[in-house]
Amino acid sequence: MIHDLKPYSAYKDSSVPWMGEIPNTWRVLRGKNVFRVIDVRSETGNEELLTVSSKDGVVPRSQKTVTMFKAESYVGHKLCWPGDLVINSLWAWMQGLGFTKIHGLVSSAYSVYRPLPEFSSYTKYFDYALRSAAYKWELQTRSKGVWLSRLQLSDPAFLDMPIIIPPADEQSAIVHYLDHFDRRIRHYIRAKKKLIKLLEEQKQAIIHQAVTRGLDPNVKLKPSGVEWLGDVPEHWEVVALRRYWEVVDCKHITVPFTDEGIHIASVREVQSFDLNLSTSKKTNEEWYAHMISGGRRPKKGDLIYCRNVSVGACAFVTSDETFAMGQDVCLIRSETENGRFLNYFMRSLAMQQQLSLVLIGSTFHRINVSEIKSLLVAVPPRNEQDLIVSSLDASLSKLDKPIELAQKEISLLREYRTRLIADVVTGKLDVREAAANLSDKSDEIEVEDDFEEETIEESLEEVATEEMVEGEL
């Protein structure tokens, strides 16, 4: 897709270090010469509620699965109109921004800007540019605060930011070209996601069978007494989790992050079956000592369980690597039972059904420690737990390989799209001729908009924004 593109014939210095040279017909203007601030507040709170994320930009909140921090009234929230730029000022450093296509209201912690009349036709180009990797450093540098969770992009900081301005006809060609290839890439990603979903469903069926019926197809069954669980082997127990497992909550403290130090396991780190600390935040030894006090030091064989934001996610600790529990998770351990077996059960369809009953009526989708201790678990004898774990580890690894391959392909496609967009919106590649030769006929690949289940990153954006609104703004 990219190999036919060439640089422009002539460049000039942009005077912006990260931007480097730009085509000699392009301009660089400060934000105040491109946008103006819009601060109009809702008098009724009845307008469409919108949310902003780094993944999807501005979308109706009703089309996302955001279920936390819904206010009783939205009177006084900011209004925006089609073509306005909306920035989650507390998540701008991670490019939580986009141009809205509909009229609605947004959090008072958001900023709303409108292009000046000269640039009213540039909204799609600006959307690509400001959300591109090229602008990430600029947005991070201009967001100020104590810690990452408290960085904020102010109006003066944004209005002083350099904005790349191509000629009107060139920005139109850029948008046409990027729209075309974005559709194609999303089409490929969508196909890979469908494959992953089918494989994950197959894994779920295997897990459910093993952790609720065991490995012996001829085993005698008995009623569990629980509708969502059904029959279980007659020699198994169905008991509250606290019968065999201890649940230890995290320390409810906010700690400073450091570039080097001791890993912190929070919501992001418990999404995979085995705990993954490769991208976790870190803190110093002094704060680590606070976080593990009271028997809270995780060890090999424990489970780290998410009780907020992504309720039910659970990860098995595979080593004695030193780390601490962060916010919104708890530790589950047993001296007698197999932690991997419990993790498989916690990830089963049976547990998902149980959690859905526990969370009925919950506004924030969180579960407390007492509720976790009361969760019902089907428990076979220890030797049978070990056999089930060995069987699942072996059979699921065969499905994990194609899933990992598809995920890697998705990652590569996204990296390609990120690099392509950054190079095109900054003028490193000339797409004018390529855009003119693209077909607009019916054979164009169309990909419908689909708002998937909220990601962990999007949930944390909402939490960070609303906590600041409630506590500091």
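### Considerations on the nonpolar core
Move 1: Judged by nonpolar contacts, the single largest core of 56 residues is most densely connected at Phe35, Tyr125, Phe126 and Tyr177.
Move 2: Those elements giving two or more residues to this core turn out to be β8 (85–88), β9 (97–99), α1 (123–130), α3 (155–159), β12 (162–165), α4 (168–213) and α9 (382–425).
Move 3: Ignoring sequence-local partners within four residues, the contact set of Tyr125 consists of Trp26, Ile164, Pro166, Gln171, Ile174, Val175 and Val425.
Move 4: Val232, Val247, Tyr305 and Ile388 belong to the second largest nonpolar core, which has 40 residues in total.

### A short note on unusual backbone geometry
Move 1: Although it is not a glycine, Ser15 adopts a positive phi angle of roughly 70 degrees.
Move 2: Note on placement: Ser15 falls in the loop between β1 (11–13) and β2 (21–23).
Move 3: By relative accessible area, which is 66% here, Ser15 ends up exposed.
Move 4: Even without being a glycine, Gln95 presents a positive backbone phi close to 60 degrees.
Move 5: Inspection of the secondary structure assignment puts Gln95 in the loop between β8 and β9.

### Thoughts on the sheet that holds strand β21 (residues 323–325)
Strand-to-strand pairing in sheets goes through backbone hydrogen bonds, with the strands running parallel or antiparallel.
Move 1: With respect to topology, three strands assemble into an open sheet ordered β18-β17-β21, the strand pairing being mixed. Looking along the sheet, the strands with just one partner apiece sit at the ends: β18 (282–283) and β21.
Move 2: Where strand β17 (residues 262–265) and β21 come together, three bridges link them in parallel fashion. Bridge pairing links His263 to Phe323 in β21.
Move 3: In the packing of helix α5 (residues 285–292) onto the sheet, the strands contacted are β17, β18 and β21, and the crossing angle to β21 comes to about 50 degrees.

### Observations concerning the sheet that holds β8
Move 1: Spatially, β4-β11-β8-β9 is the arrangement adopted by the four strands of the open sheet, whose pairing is antiparallel. The open sheet has two free edges, formed respectively by β4 (35–37) and β9, since each of these has just one partner strand. With strand direction ignored, the average angle separating the axes of adjacent strands in the sheet is 25 degrees.
Move 2: Alignment of β8 against strand β11 (residues 110–115), held across four bridges, turns out to be antiparallel. Paired with Val86 across the bridge in β11 is Val112.
Move 3: The strands that α1 touches are β4, β8, β9 and β11; relative to β9, the one it contacts most, it runs at about 165 degrees.

### A look at the side chain of Ser89
Move 1: Relative to the helices and strands, Ser89 is located in the loop between β8 and β9.
Move 2: With relative accessibility at 2%, the residue Ser89 sits in the buried group.
Move 3: A polar atom in the side chain of Ser89 sits 2.4 Å from the backbone oxygen of Ala109.
Move 4: Once residues within four sequence positions are removed from consideration, Ser89 is found in contact with Ala109, Tyr110, Ser111, Leu151, Gln152 and Leu153.

### Thoughts on the pairing of β11
Move 1: Within β11, five of the six residues are buried, leaving the element largely enclosed by the surrounding structure.
Move 2: Sheet topology places β4 next to β11; three bridges connect them, and they run antiparallel. When the sheet's bridge partners are listed, Phe35 is paired in β11 with Pro115.

### Re the environment of Ser280
Move 1: Structurally, Ser280 is set in the loop between β17 and β18.
Move 2: Residues within four places of Ser280 in sequence aside, it is in contact with His263, Ile264 and Glu269.
Move 3: Among the polar contacts made by the side chain of Ser280, one reaches the side chain of His263 at a distance of 2.7 Å.
Move 4: A distance of 3.1 Å separates the side chain of Ser280 from the backbone oxygen of Leu277, its partner in a polar contact.

### Examining helix α7 (residues 349–358)
Move 1: Listing the buried residues of α7 in full gives Ala350, Met351, Gln354 and Leu355. End-on, the buried residues of α7 take up no more than an arc of 130 degrees, which puts them together on one face.
Move 2: Those residues of α7 that are buried are in contact with α4, β19 (303–306), α6 (339–346) and β23 (376–379).

Basis of the calculations
- Residues numbered from 1 in each chain as written.
- Predicted model: local features only at pLDDT ≥ 70, side-chain atom pairs only at ≥ 80, totals over all residues.
- Heavy atoms only, no water.
- Core = buried A, V, L, I, M, F, W, Y, C linked by side-chain atoms within 4.5 Å.
- Buried < 20%, exposed > 50% of the residue type's maximum accessible area, 1.4 Å probe, protein only.
- Helix = DSSP H or I, 4+ residues; strand = E, 2+ residues; numbered from the N terminus.
- Contact = heavy atoms within 4.5 Å.
- Pairing = 2+ DSSP bridges.
- Axes fitted to C-alpha atoms, helices over the stretch in contact; angles between N-to-C directions.
- Polar contact = N/O pair within 3.5 Å; in protein donor to acceptor, adjacent residues only side chain to side chain.
- Arc of directions from axis to C-beta.

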